[in-house]
Amino acid sequence: MQDHVATEIFLIRHAPVIPDGRVYGRRDIAADCSDSDHFARLRSALPSMDRVLSSPAQRCIETSAAIWPDAKPVLEPALWEQDLGDWEGQPYANLPDLGPMDGPDLASFAPPNGESFLDVCARVDPVLADLPPGKTAIVAHAGSIRAALSVALGGVPTALRFDIANLSVTRVTKLQGGVFCINDVNRCI
């Protein structure tokens, strides 16, 4: 269901980070882009893009360069991962157990001095709204891709249920009038 004014959006999660056992939400750490065969498969599976946007995070810029070595992505600060505030850089074992939370509570929860998923959605929404017709690749984080899905679904808590794997492709189409179709979620190539 596409028309001549459609915007196809290919959301690609960055390559796996080089782990250090600590929470890395907004920490700017490197990605492991050593699997050149995987990047070649991904590159060949994607259509030619009219534009490439990327989170300014090192791991996203490196992933974009591994997929499109000759392209220079437009860096979009609104695509950063969720700011985890005081939890950033903490060992995972030091994080508190929040217990079970329903979707709305989880979406509105913010770590101390951090932002909620609702905040992430509020900054990703205008990026999608401003995309012109054509094919756009966005190299970003699991949180910002879930935020894009929440915009497409029209429901924030629902989007938190999606698993977004490293180097997976999530594709949505924005039709005239800002109506979205979800084509693929978490497609691993």
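For the structure given in this document, a descriptive report is provided here. Please read all numbers here as calculations on a predicted model, not as lab measurements.

**Concerning the packing of helix α1 (residues 36-45) against helix α2 (residues 58-67)**
Between two packed helices, what matters for the description is the angle formed by their axes and the separation of those axes.
Part 1 of the reasoning: Where α1 contacts α2, the two axes come as close as 9 Å, and the packing angle between them is 70°. Classified by the interaxial angle, the pair formed by α1 and α2 is roughly perpendicular. Together, Phe39, Leu42 and Arg43 of α1 and Thr63, Ala66 and Ile67 of α2 make up the contact between the two elements.
Part 2 of the reasoning: Partitioned by chemical class, the residues of the contact of α1 with α2 number 4 nonpolar, 1 polar and 1 charged.

**Looking at the pattern of salt bridges**
Part 1 of the reasoning: The tally for this structure, following the rule as stated, stands at 7 salt bridges.
Part 2 of the reasoning: Note that Arg123 is salt-bridged to Glu115, the shortest N-O span being 2.5 Å. Judged on exposure class, the residue Arg123 and its partner Glu115 are both buried.
Part 3 of the reasoning: One salt bridge in this structure joins Asp184 and Arg187, with 3.9 Å as the shortest N-O distance.
Part 4 of the reasoning: For Asp184, a relative accessible area of 21% corresponds to the partly exposed category.

What counts, and at which threshold
Residues numbered from 1 in each chain as written. Predicted model: local features only at pLDDT ≥ 70, side-chain atom pairs only at ≥ 80, totals over all residues. Heavy atoms only, no water. Axes fitted to C-alpha atoms, helices over the stretch in contact; angles between N-to-C directions. Helix = DSSP H or I, 4+ residues; strand = E, 2+ residues; numbered from the N terminus. Parallel < 35°, antiparallel > 145°, perpendicular 65-115°, else oblique. Contact = heavy atoms within 4.5 Å. Nonpolar A, V, L, I, M, F, W, Y, C, P; charged D, E, K, R; others polar. Salt bridge = Lys/Arg side-chain N within 4 Å of Asp/Glu carboxyl O. Buried < 20%, exposed > 50% of the residue type's maximum accessible area, 1.4 Å probe, protein only.

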